[in-house]
Amino acid sequence: MTISYNLLEEPWLPCIDDRRRLLNLNITEVVSQAHQVREIRSDLPVITGALLLFLIAYVMNIFKPESEQAWENLWRKGKFPLDKISRYNSLWHTRFDLFDQTHPFFQDPKFGAQSKDIKNLGAGKQPAPKGMSGLMLHLASGSNATLFDHSLDDSPYAYSQAETAQLLIMLQAYSLCGMSSASLGNDKYFKDSAFGRGITFLNRGHNLFETLLLNIPSINFVSSPSAEDIPCWERENLFEDERYQPDGIMDLLTWQSRRILLLPEELKGDIRVRFLLSAPGLSIVETYANPFYHNRISTDGAKQSIKPLRFQEGRSLWRDSTAILDLHSTHSENSLPVKWAAHLEVDEYTEKQVINLDLYGMCTQPGQKKAFFYAQETFTAPAVYLRERALVEQLEQGLAWAEQVRSDVFIAVRELARFIVAPMHDLEIERTPGREDTDPLIQHWNAENEYWSRLEPAFYDFLVNLPISDDAYVQWEKAIRRSARGALKYAADQVGSDPAGLKARAKSERSLEILMSRTFNPQGKE
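In this text the structure is predicted, and so the values were computed from the model without any measurement.

A. The arrangement of the environment of K116 in detail. Take K116: it is sitting in helix α5 (residues 115-121). Sequence spacing of K116 and P366 is 250 residues, and the spatial spacing of their C-alpha atoms is 29 Å.

B. The arrangement of helix α15 (residues 499-520) in detail. Between the first and last C-alpha of α15 there are 32 Å, a value that for 22 residues agrees with the 32 Å anticipated at 1.5 Å per step. All of the buried residues along α15 are G501, A504, R505, S508, S511, L512, L515, M516, T519 and F520. For α15, the arc enclosing every buried residue in end-on projection is 150°, short of the 170-degree limit, so these residues lie on one face. Counted as exposed and oriented over 90 degrees from the buried face of α15: P499, R510 and R518. For α15, the secondary structure elements touched by its buried residues are α11 (389-421) and α14 (472-492).

C. Molecular detail of the packing of helix α2 (residues 45-63) against helix α6 (residues 161-173). Between α2 and α6, whose axes approach to 8 Å, the crossing angle comes to 85°. It follows from the interaxial angle that α2 and α6 lie roughly perpendicular. On the side of α2, the interface is formed by V46, I47, A50, L51, L53 and F54, while α6 contributes Q166, L167, I169, M170 and A173. In terms of residue class, the contact of α2 with α6 is made up of 10 nonpolar, 1 polar and no charged.

D. Structural detail: the nonpolar core. Membership of the largest hydrophobic core comes to 88 residues, with the highest contact counts inside it found for W12, Y58 and F80. No other element matches the 15 residues that α2 contributes to this core. In this structure, F80 is in contact with V31, S32, A34, V59, F63, L74, I85, F209, L212 and L213, ignoring residues within four places of it in sequence. Of all hydrophobic cores here, the second largest spans 59 residues; its members include A402, L455, I480 and L512.

E. Representation of the packing of aromatic side chains within the structure. Counting across every chain of the model gives 30 aromatic pairs. Considering the side-chain rings of W318 and W452, the 5.6 Å spacing of their centres and the 70° angle between planes classify their relative orientation as edge-to-face. Of this pair, W318 sits in the loop between β11 (303-308) and α9 (321-325) while W452 sits in helix α13 (residues 447-465), and the two are 134 residues apart along the sequence. Grouping residues by exposure puts W318 and W452 together as buried. Between W401 and Y473, the ring centres sit 5.3 Å apart and the planes meet at 55°, which makes this aromatic pair tilted. Here Y473 lies in helix α14 and W401 lies in helix α11, a separation of 72 residues in the sequence. On the accessibility criterion, W401 (17% relative accessible area) is buried. Aromatic ring contacts, followed pair by pair, group W318, W401, Y451, W452, F459, Y460, F462, Y473, W476 and F520 into a single cluster. The ring of F111 carries the charged tip of R259 above its face, separated from the ring centre by 4.7 Å. The cationic tip of R259 hangs over the ring face of F239; the distance from NZ or CZ to the ring centre is 5.8 Å.

F. Highlighting the sheet that holds strand β13 (residues 354-364). Pairing is antiparallel across the open sheet formed by 3 strands, whose spatial order is β7-β13-β14. The open sheet terminates on both sides in strands that have one partner only, identified here as β7 (200-203) and β14 (371-382). Going from strand to strand, the sheet's axes swing by 20° on average, the running direction of each strand aside. Note that β13 and β14 share 11 bridges and pair antiparallel. Considered in β14, the bridge of V354 is made with P382. Against the sheet, α2 engages β7, β13 and β14, with an angle of about 125° to β13.

G. Region of the structure containing the side chain of S332. With respect to the helices and strands, the residue S332 is situated in strand β12 (residues 332-333). At 3.4 Å, the side chain of S332 and the side chain of S329 are in polar contact. Look past the residues within four positions of S332 in its chain and what remains in contact with it is H294, N295, R296 and I297.

H. Representation of the sheet that holds strand β9 (residues 270-280) in the model. Reading across from one edge, β4-β9-β8 is the order of the 3 strands in this open sheet, with antiparallel pairing throughout. The open sheet terminates on both sides in strands that have one partner only, identified here as β4 (130-131) and β8 (258-267). Alignment of β4 against β9, held across 2 bridges, turns out to be antiparallel. Residue pairing for β9: G131 is matched across the bridge by F275. Where α6 meets the sheet, its contacts fall on β8 and β9, and the angle it forms with β8 comes to roughly 170°.

I. Summary view of the side chain of Q256. By secondary structure assignment, the location of Q256 is in the loop between α8 (249-253) and β8. Among residues more than four places away in sequence, those in contact with Q256 are F106, Q107, Q172, C232, L238, F239, G281 and L282.

Thresholds applied
Residues numbered from 1 in each chain as written. Predicted model: local features only at pLDDT ≥ 70, side-chain atom pairs only at ≥ 80, totals over all residues. Heavy atoms only, no water. Helix = DSSP H or I, 4+ residues; strand = E, 2+ residues; numbered from the N terminus. Expected span 1.5 Å × (residues − 1). Buried < 20%, exposed > 50% of the residue type's maximum accessible area, 1.4 Å probe, protein only. Arc of directions from axis to C-beta. Contact = heavy atoms within 4.5 Å. Axes fitted to C-alpha atoms, helices over the stretch in contact; angles between N-to-C directions. Parallel < 35°, antiparallel > 145°, perpendicular 65-115°, else oblique. Nonpolar A, V, L, I, M, F, W, Y, C, P; charged D, E, K, R; others polar. Core = buried A, V, L, I, M, F, W, Y, C linked by side-chain atoms within 4.5 Å. Phe/Tyr/Trp six-rings, centres within 6.5 Å; stacked < 30°, edge-to-face > 60°. Lys NZ or Arg CZ within 6 Å of the ring centre and 35° of its normal. Pairing = 2+ DSSP bridges. Polar contact = N/O pair within 3.5 Å; in protein donor to acceptor, adjacent residues only side chain to side chain.

Here you go:
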């Protein structure tokens, strides 16, 4: 039986249309009707992000705007011309079939027959099938814990063909390094995928057409474009030669970090995928700067270190707003989408007054195959920040106040804890409690999280008002003070109202006011 599932024709891309309906479309529909689609939306942020990266590569490869003028001409049309899409699809039609015998989409058709496979397998041995669910970080498999998910290695989930296509693209973009059960016995160490660790920055438009085009710079804007830059489905044998750096943007967006071959089967009259063959694919050198990341760059002698901005537990991304908006830092390189948005804004190609970003990724344990959560955040700011460096510097000063007052809150809460543990330590009747005494209370009260959550809404007011209001700094200072006092009260309310608790509250409140006075009035002026 011949099995076929061509992504150009089958509905598999989850979308929200302009009437806010959730529906699945094929590639041809979603691109030709992109002006009528609000967004791509999956249940998991990393699937949504990966599908967008794939669609950006697909559209970029077809339309390839050579110059800003060519880009603007396409932008003014408001939609992608169907005739050009159809011509491309006719040329590469079979390469988008999940189960094509010669070039299955996003897979290695020569799995087990590559020269290194034969060497690893040994005489007469075949690659061992693995459960597809075993590659998912959020599912129980191997050393992954069985928490809320109850899929097991010996009974892997049977994915539909649409689900399989989505997950296949996600696995190539968002997988982590580490030892893993592989189909080839001696080939078990997987490297990070191209987008596995950092935050992926993507511009967001009013519809999918705008979103895709806002993330496709003109060819003359990209430094050193390569003629070898093609997506993976146009390559004959992806894994014939070792490669450690993408040839360009389209190569990066479709980088095959895993060698995979799906093993479809018929279950109850439907084609499903439970098993696949898997092995490490292409790896990327650590010194490669992913252009869709915001990269912090440091140099130690002749060695250069590149660290992307990452999602972190307990840290909201708005605290890094100046890094996101700063195009002129000597210590970091902004993402290509942000730089392209700034270029469009300065030259008034799009007439947009704000920059809208969607940010995708995972919070991970560095160097380990462990994800704490998947994330999708939005970031919106007046576009004027991209033009005026002085505004970014003013915003940086405002955020510096917030960070300093965070330290002030910590000191005040520590004072609260000290007086709860030893109410008379200020009279030298008792010793001053150490960290081993106060840290458990500080962590339990969690005042820092309360401080940042209270301050966040006021920050966005500050971000919007700073370019247009002389009163923005004054209102921001008031908001910081309110948030700090509220956070301390949140902690103090947990200690009770007995004499020791009241004394501790009074001492900590006085400490906080003194510290904030020094923060906002360091010269001691009235």
